[in-house]
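Geometric and topological summary
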Amino acid sequence: MEGIKIKRTFTTDLPLHEGRAPYWLIKLMKELGKEVCSIIIKEYGTEEFLRRISDTFWFQSFGCVLGYDWHSSGVTTVLTGVLKEVFKENDLGIFVAGGKGKKSRETLEELNGLRKFNFDEERISKYKYISRIVAKIDNSLIQAGYQLYHHTIFIDYKGKWAVVQQGMNLQDLTARRYHWLDENVKDFVNEPHTSIVSDVVKEKVLNMVAKESEENRKACVDLVNEGINKIQRSIKECVSGPLDKWLESHGQNKIPHYMMPREINWKALKEIYEKKPKKYIEIVEFYGVGPSTIRALALVSEIVFGTPASWRDPVKYTFAHGGKDGVPYPVNKRTYRKTIEIFRDAIQRANIGDNQKLLALKRLALLEIY
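Numbers given to residues run from 1 along each chain, matching the order in which its sequence is written. Given that this is a predicted model, residues contribute local features only at a pLDDT of at least 70 and side-chain atom pairs are listed and counted only at 80 or more, while totals for whole chains, interfaces and linings are drawn from all residues. Where side-chain values are given, they derive from all heavy atoms of the structure, hydrogens and water being excluded.

1. What about unusual backbone geometry?
Here Glu191, not a glycine, exhibits a phi torsion of approximately 50°, which is positive. For helices the rule is a DSSP run of H or I covering at least 4 residues; for strands it is a run of E covering at least 2, with both sets numbered from the N terminus onward. Topologically, Glu191 is positioned in the loop between β6 (174-181) and β7 (195-197). One non-glycine residue, Lys276, lies in the positive phi region at around 50°. Note on placement: Lys276 falls in the loop between α11 (266-275) and α12 (280-284). On the accessibility criterion, Lys276 (39% relative accessible area) is partly exposed. For each residue, the accessible area found with a 1.4 Å probe, counting protein chains only, is set against the maximum for its type, and the residue is called buried under 20%, exposed over 50%, and partly exposed in between.

2. Here we look at the pattern of salt bridges
Salt-bridge detection follows one rule: a side-chain nitrogen of Lys or Arg within 4 Å of a carboxyl oxygen of Asp or Glu. Following the criterion strictly, the structure yields 16 salt bridges and no others. Between Lys27 and Glu31 there is a salt bridge; the shortest N-O distance is 2.8 Å. With Lys27 and Glu31 both in helix α1 (residues 23-44) and 4 residues apart, the pair spans about one turn of that helix. Overall, the relative accessible area of 27% leaves Glu31 in the partly exposed class. For Glu89, the salt bridge is made with Lys30, and the minimal N-O distance between the two is 3.1 Å.

3. Digging into the packing of helix α8 (residues 214-226) against helix α13 (residues 291-303)
Note on definitions: angles span 0 to 180 degrees between N-to-C directions of axes, and those axes are lines fitted to C-alpha atoms, for helices only across the stretch in contact. Running from amino to carboxyl end, α8 crosses α13 at an angle of 105°, the nearest separation of the two axes being 9 Å. Taken together, the axes of α8 and α13 are roughly perpendicular relative to one another. On α13, the residues that touch Asn216, Ala219, Cys220, Leu223 and Val224 of α8 are Leu297, Ala298, Val300, Ser301 and Glu302. Across the contact of α8 with α13, the residue classes break down as 7 nonpolar, 2 polar and 1 charged. For this classification, under 35 degrees means roughly parallel, over 145 means roughly antiparallel, 65 to 115 means roughly perpendicular, and everything else is oblique. Every residue pair with non-hydrogen atoms within 4.5 Å of one another is taken to be in contact. Residue classes follow a fixed rule: Ala, Val, Leu, Ile, Met, Phe, Trp, Tyr, Cys and Pro count as nonpolar, while Asp, Glu, Lys and Arg count as charged, and any other residue, Gly among them, counts as polar.

4. Section: the packing of aromatic side chains
Stacked, tilted and edge-to-face are the three classes applied to pairs of Phe, Tyr and Trp rings, where Trp contributes its six-membered ring and a pair requires centres within 6.5 Å; stacked means planes under 30 degrees apart, edge-to-face means over 60, and tilted covers the rest. Within this structure, the stated rule accounts for 8 aromatic pairs. Between Phe49 and Phe87 the ring centres are 5.2 Å apart and the planes differ by 75°, which places this aromatic pair in the edge-to-face class. A residue pair is termed long-range when its members are at least 10 positions apart, and Phe49 in helix α2 (residues 46-53) and Phe87 in helix α4 (residues 74-89) qualify at 38 residues. Residue classification places Phe87 among the buried positions, given a relative accessible area of 2%. Ring geometry for Tyr129 versus Phe188: centroids 6.4 Å apart, planes at 85°, classification edge-to-face. One end of the pair, Tyr129, is in helix α7 (residues 121-140); the other, Phe188, is in the loop between β6 and β7, with 59 residues separating them in the sequence. Residue class for Tyr129 comes out partly exposed when judged on its relative accessible area of 27%. An aromatic cluster of at least three residues, connected via ring pairs, comprises Phe49, Trp58, Phe62 and Phe87.

5. Thoughts on a positive patch on the surface
A surface patch of positive charge is lined by Arg123, Lys126, Lys160 and Lys186. Residue placement: Lys160 occurs in the loop between β4 (147-156) and β5 (161-169). The exposure class assigned to Lys160 is partly exposed, which follows from its relative accessible area of 34%. What goes into a patch is any residue over 30% in relative accessible area without a salt bridge, connected to like charges within 9 Å or, for nonpolar side chains (Val, Leu, Ile, Met, Phe, Trp, Tyr), within 5 Å. Only the protein chains shown count as cover for residues, and the accessible areas themselves come from Shrake-Rupley with a 1.4 Å probe. His residues and chain termini do not enter the charge count, which takes Lys and Arg as positive and Asp and Glu as negative. The location of each charge is read from NZ of Lys, CZ of Arg, CG of Asp or CD of Glu.

6. As for the confidence of the model for the protein chain
Confidence scores labelled pLDDT are given residue by residue by the predictor and lie between 0 and 100. Across the protein chain, pLDDT averages 82, with 72% of residues at or above 70. In this model, residues 1-14 is a region of pLDDT below 50 whose contacts with residues beyond four sequence positions or in other chains number 63 contacts. With pLDDT under 50 throughout, residues 68-73 is counted as low confidence; its partners more than four residues away or in other chains account for 28 contacts.

7. Section: α13
Compared with an ideal rise of 1.5 Å per residue, which puts 13 residues at 18 Å, α13 spans 18 Å between its outermost C-alpha atoms and is within 8% of the ideal. Counting buried residues along α13, 11 of its 13 residues qualify, which places the element largely inside the surrounding structure. Among all positions of α13, only Thr293, Ile294, Arg295, Ala296, Leu297, Ala298, Leu299, Val300, Ser301, Glu302 and Ile303 are buried. A helix is expected to span 1.5 Å for every residue after the first.

Below, the structure is given as structure tokens:
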């Protein structure tokens with residue numbers, strides 16, 4: 001069986017559910033999770049496991065097979081937490097850092113544990129940078145109203161990595177999950193995600209990692225290199241006159257997504273100007289640059305300099321096998337059977353007790369489609 005090749009972007013919905021997973025279920029999830037992870041790594045290697053964990057279909061299916069809720073936001077936090085414990089307790093060649101809430105803020109400190117793979121300080125610093133930048137990108141460059149509260153990074157002994165992180169929208173009580181895989185990231189600010197998981201599609205979302213925003217990103221760099229006086233004059237122009245004419249010429253009224261942010265970090269912009277950035281990522285990674293500053297630069301670049309940003313929400317509907325009511329599409333029986341076949345093979349190969357194996361096979365049997 002060949003490894004899964006991931007080169008696509010998918011999404012699905014994750015409603016917020018309250019409550020905690022019971023201890024007995026977590027215990028069983030860890031036991032079965034260990035066996036499934038061991039088989040995949042033994043048969044196909046750690047890189048293949050990272051590919052699968054970055055695939056929203058596989059991630060969601062794995063949560064189902066381990067017995068957790070099939071579609072809630074808790075799938076992300078519980079499954080990554082279980083996997084973190086599995087890899088901490090077993091020498092499988094993968095290190096996991098981060099988690100939910102407070103644990104996510106401890107990620108950088110936890111990454112010092114990569115010394116177990118004999119990584120030096122320079123190499124560890126690289127993964128700390130990756131952890132920070134992917135979180136900042138999903139918080140600031142895709143402005144759909146989701147604030148990250150969960151962040152987990154997976155790193156194998158070869159240095160390959162994957163990230164699974166999740167944000168919360170308190171207005172519509174949904175979560176959005178972001179999947180990253182190192183082999184898919186050619187540029188952190190240009191279509192870097194393997195998948196973004198949410199089916200709440202916003203009408204207008206500033207999407208500065210879209211390919212369509214490339215010229216806008218270049219214009220932002222040029223604008224910053226002009227200095228804050230130029231930026232301030234351009235913002236004043238947008239607010240006091242040309243914005244109305246621009247919107248009118250584009251057949252638009254004053255609409256929220258074109259409103260200039262009230263607060264901009266001028267100190268940070270001045271410091272960035274002094275460093276003369278050459279690439280957009282140099283602006284993004286600068287301390288103090290957040291959603292408001294990113295948005296202001298994008299609006300000025302679009303309205304004053306005519307380089308449009310993307311307002312396309314990077315969300316598409318994706319379900320592992322379709323929906324019973326034909327939404328978003330009818331159940332794909334062939335894919336469904338293949339999923340069952342893959343996991344049945346994994347469980348049959350696993351070195352677990354007969355009772356647990358029987359329970360797992362019975363669960364899979366209930367999914368058969370004739």
